[in-house]
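Okay, here's what each chain looks like letter by letter:
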Amino acid sequence: MSQLNKQSTIVTALISIFLAMIIGSIAMQVAGYNPFAAYQALFVGSLFQAFDLGETIRTTTPLILTGLAVAIAFRTGLFNIGVEGQMIVAQLASLLVGIKLNLPPVLHMIVAVLVGGIAGAIWGFIPGFLKAVRGVNEVIICIMMNFIALYLSNVLVRNWLSEQGTDSTPKIPESASLRVDFLSEMFDSSRVHLGIIIALIMAFVMYILLWKTKRGYELRAVGYNPSAAEYAGINVKRNIILSMVISGFFAGLAGAGELLGTQGYMAIQSAFTGIGFDGIAVALLGANTPIGVILAALLFGVLTYGSQNMEHVAQVPPELIRVVVAAIIFFVAANISGILLGAVKKKRRAKES
Amino acid sequence: MKKRSWLALMLSSVLVLAAGCSTSQQGGGNDKNAGFKLGLVTDTGGLNDQSFNQISWEGAKRAEKELKVDIKALESKRDEDYVPNLTKFAREKRDIIWATGFKFEKPIPEVADQFPKVHFGIVDSNLGGKVPKNVIAVTFKEHEGSFLAGVAAALTTKSNKIGYIGGISSPLIKKFESGFRAGVQAANPKAQVQVAYAESFTDVTKGRSLAKNMYNGGVDVIFHASGGVGKGLFDEVKTREKGKFWAIGVDMDQSALAPDHTLTSMVKRVDTAIFNITKDLKDKKLEAGKHLDLGFKEDALGLADSKHMSDDVKKKVEEFKQKIIKGEIKVPKDENELKSFK
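Each value, and the rule that gives it
- Residues numbered from 1 in each chain as written.
- Chains lettered and ligands numbered in written order.
- Predicted model: local features only at pLDDT ≥ 70, side-chain atom pairs only at ≥ 80, totals over all residues.
- Heavy atoms only, no water.
- pLDDT = per-residue confidence, 0-100.
- Contact = heavy atoms within 4.5 Å.
- Buried area = accessible area lost by both parts, 1.4 Å probe.
- Salt bridge = Lys/Arg side-chain N within 4 Å of Asp/Glu carboxyl O.
- Helix = DSSP H or I, 4+ residues; strand = E, 2+ residues; numbered from the N terminus.
- Pairing = 2+ DSSP bridges.
- Axes fitted to C-alpha atoms, helices over the stretch in contact; angles between N-to-C directions.
- Core = buried A, V, L, I, M, F, W, Y, C linked by side-chain atoms within 4.5 Å.
- Buried < 20%, exposed > 50% of the residue type's maximum accessible area, 1.4 Å probe, protein only.
- Lys, Arg positive; Asp, Glu negative; His and termini not counted.
- UniProt positions renumbered as here; feature names shortened; annotations may be inferred.
- Polar contact = N/O pair within 3.5 Å; in protein donor to acceptor, adjacent residues only side chain to side chain.
- Domains from an automatic or database assignment.
- Nonpolar A, V, L, I, M, F, W, Y, C, P; charged D, E, K, R; others polar.

1. Quick word on the confidence of the model for chain B
Residues and elements named next belong to chain B.
Thinking step 1. Residues of chain B with pLDDT of at least 70 account for 90%, and the chain-wide mean is 86.
Thinking step 2. Scored below 50 in pLDDT, residues 11-33 makes 6 contacts in the model with residues more than four places away or belonging to other chains.
Thinking step 3. Here the predicted complex scores 0.79 on pTM and 0.77 on ipTM.

Structure below.
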């Protein structure tokens, strides 16, 4: 039975992607663009040259981590929409370690990454704690925490961290950077960084945690049915908090990677980057499994980075790719609800007979 | 196990396909155009932002028409896109790559360092005084232009209450504020300036509510330096009595947004600057590695002509402009200088 389900999620994902791309090409056709040229530019421009491949991996890296963050919360029946904010506080924390502490090269980087992860975990702990202890809806708190993080970071960057006469902070020193020479050289000096390795390790960690440990079993049990889990002697509150903390930690690593690997500095932001929100779509498409999340993140990475090239080569506005992304989410969500309904019906029938 | 080997087969076949495609693509992609080529990378505002990026693109389009320059633009969706977009143009060996906005002050030196033979231009930043050899940094003396807007506002107000709406409170936008307040002070010491920041360049609703509060509190002229937020100001002023409540636009002539209520606009001629510098580079009259600070002398700033400004006001504005050019007035750039201003 579980085998069947697994297969159908892959099939669901593939069918959804296929349908979404058809929708996208219809949209392009209507808008007067050539969809074949557009898709060719999209994939060629994101995968076939070392530099572009590197940048695609760089785009994919935070998506894997934000996808994992959303997925692990989903598994415990929680909706962590606060990944965006957790990323921002993590960036802030990593930045502080980067520019305010003086440590030897490798150690500096490790401390900066870990502090970023912990900052994200703390930002995830707050909604988790309030949900568990006070029963407050985590979605609302997470959204509010996003805004607190965004504006807090803006205030700190502007009034404390920015260089004289600019609205961005100084760059972090080499010793804290996640970029390493051999990776940059391999990908024609693109900004691919060690974050991808962290992301893959975390996907593995999540697999082990959820499916190979007692704690993970508890987390999933709470997700399936909190009342039943409590009846079985599982501490539901503790698991809710733990799930949000781990989720926040993953999101924090995504933020740390973006700061220490990609950007190297923070600037005043007028809006969210959307990487955290894309994580929701990644988790959904990846069916909340580590492998699924990695593959879905790769697809979103290709679509996001490749859409820039699509504009460059085929003059197709990148907004059309957002149509494809939205359509993928739409089809996956619709199909998942269909499967769920089917499963519920089957269970009922089984009960009746 | 079976499933895994199937997956591996799929992956390897994709890779083979990929390798095949990549070689065929490289042959067709390089068209060798001998002419001068310009690339423009926008910040996250996009090409049709009714403001900064749009005027820059106007300048590029003028270069295409008059100088037969090949032009192309790339819009950035996120801050992370700046480096790959600049790199894309650099790898095409474009002769000048323009980056619009101070958000590029970190990415530009990074990419310029990697492509020492390509020229880059950045608008609105002096790169902290350290301009690489292949970069031209262009800034404007916005405080001086805003000073004139302040003069126009101070001489038009009846209530002696004037408003200023800023975007994000960064040093650049503070420059507008300081110049504007100094202008008001110089032309009409009795007038008071209320200052508000939207902390956004896109939040139209916030702009409208800030403007509404100010007008309700007796303010009758508002100047904004807030990008898209300013649309809210114009939406609000349109609903009010003609000839009594005014808005002053920024960057380009914004009178189309509220024709009967726009006193004037503080115009930053980014298009002229981009056109002129591109031309000079093409004719090899200009060497890169410089910081150009453009003002009235280069005709890079000024107030848009408007039928709503009386001749007296226009005369006064012109007087102050001449004083600034001659150096008789030193317009303050930030709050500290404003405090010591007269």
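Read on, since the account is not over.
2. Some points on the interface of chain B and chain A
Thinking step 1. Tallying the contact residues gives 37 residues for chain B and 43 residues for chain A.
Thinking step 2. Contact with chain A buries area across many residues of chain B, yet B:Arg78, B:Glu80 and B:Lys106 alone supply 21% of it, more than any other trio.
Thinking step 3. Taken together, the connections running from chain B to chain A amount to 6 salt bridges.
Thinking step 4. Its salt-bridge partner being B:Arg91, residue A:Asp52 comes within 3.5 Å of it at the nearest N-O pair.
Thinking step 5. Among the elements of the structure, helix H1 (2-29), strand E2 (70-74), helix H3 (82-91) and helix H4 (107-114) of chain B are those that each provide at least two residues to the side of chain B that touches chain A.
Thinking step 6. Counting residues per element, the side of chain B that touches chain A draws most heavily on H3(B), which supplies 7 residues.

3. A look at the sheet that holds strand E5 (residues 135-140) of chain B
Residues and elements named next belong to chain B.
Thinking step 1. Taken together, the 6 strands give an open sheet; going across it, the order is E2-E1-E3-E4-E5-E11, and neighbouring strands pair in parallel fashion. Here the strands that pair on one side only, and so sit at the sheet edges, are E2 and strand E11 (290-294). Each strand axis lies, on average, 20° off the axis of its neighbour in the sheet, ignoring direction.
Thinking step 2. Across 5 bridges, strand E3 (residues 96-100) lies against strand E4 (residues 119-123) in parallel orientation. Counterpart to Ile96 in the pairing with E4 is His119.
Thinking step 3. Along the sheet, helix H2 (residues 52-67) contacts strand E1 (37-41), E2, E3 and E4; its crossing angle with E2, the most-contacted strand, is approximately 160°.

4. Quick word on the nonpolar core
Nonpolar side chains tend to gather and get buried jointly when the protein is soluble and globular.
Thinking step 1. Grouped together as the largest cluster of nonpolar side chains are 94 residues, with contacts concentrated most on A:Leu68, A:Phe250, A:Leu260, A:Leu285, A:Phe300 and A:Ile328.
Thinking step 2. By residue number, the principal contributor to this core is helix H11 (residues 236-263) of chain A, which donates 12 residues.
Thinking step 3. Counting residues in hydrophobic clusters, the runner-up holds 67 residues, among them B:Leu148, B:Leu286, B:Leu294 and B:Phe341.

5. Details of the sheet that holds strand E12 (residues 301-303) of chain B
Residue and element names in this part refer to chain B.
Thinking step 1. Taking strand neighbours across the sheet as the criterion, the 6 strands line up as E7-E6-E8-E9-E10-E12 in an open arrangement whose pairing is mixed. Every other strand in the sheet has two partners, leaving strand E7 (192-197) and E12 as the edge strands with one partner each. Between one strand axis and the next, the sheet turns through 15° on average, direction left out of account.
Thinking step 2. Summarising the sheet, strand E6 (residues 161-166) and E7 pair through 6 bridges and their orientation is parallel. Bridge assignment links Tyr164 to a residue of E7, and that residue is Val195.
Thinking step 3. Strands in contact with helix H8 (residues 230-238) are strand E8 (221-225), strand E9 (246-251) and strand E10 (262-268); relative to E9, the strand with the most contacts, it is inclined by about 155°.

6. Let's talk about the side chain of A:Glu258
Thinking step 1. The residue A:Glu258 is located in helix H11 in this model.
Thinking step 2. Buried within the structure, A:Glu258 lacks any salt-bridge partner; its nearest side chain of opposite charge belongs to A:Arg58, at an N-O separation of 4.9 Å.
Thinking step 3. Excluding its chain neighbours within four sequence positions, the residues that come into contact with A:Glu258 are A:Arg58, A:Pro62, A:Met87, A:Gln91, A:Gln263, A:Gly264, A:Ile275 and B:Glu80.

7. A word on the UniProt feature "domain: ABC transporter substrate-binding protein PnrA-like" (unreviewed entry) in chain B
Thinking step 1. Look at the UniProt record and you will see "domain: ABC transporter substrate-binding protein PnrA-like" (unreviewed entry) annotated at residues 40-335 of chain B.
Thinking step 2. The distance separating the terminal C-alpha atoms of residues 40-335 of chain B is 33 Å; by composition the span is 40% helix and 21% strand.

8. Observations regarding the side chain of B:Asn188
Residue and element names in this part refer to chain B.
Thinking step 1. The residue Asn188 is located in the loop between helix H6 (171-187) and E7 in this model.
Thinking step 2. With a relative accessible area of 11%, Asn188 lands in the buried category.
Thinking step 3. Of the polar contacts made by the side chain of Asn188, one reaches the side chain of Asn160; its length is 3.1 Å.
Thinking step 4. Those residues within four positions of Asn188 in sequence are excluded, and the remaining contacts are Ala154, Thr157 and Asn160.

9. A short note on the domain arrangement of chain B
A common way to express how large an interface is: the accessible area buried when the components associate.
Residue and element names in this part refer to chain B.
Thinking step 1. For chain B, the assigned domains are domain 1 (37-140 + 271-294) and domain 2 (142-267 + 310-339).
Thinking step 2. Between the C-alpha centres of domain 1 and domain 2 the distance comes to 28 Å.
Thinking step 3. Here domain 1 and domain 2 share an interface that buries about 770 Å² over both sides, 58% of which is from carbon and sulfur atoms.
Thinking step 4. Between domain 1 and domain 2 we count 2 residue pairs in polar contact (both at pLDDT 80 or more) in total.
Thinking step 5. Partitioning the side of domain 1 that touches domain 2 into residue classes produces 4 nonpolar, 2 polar and 1 charged.

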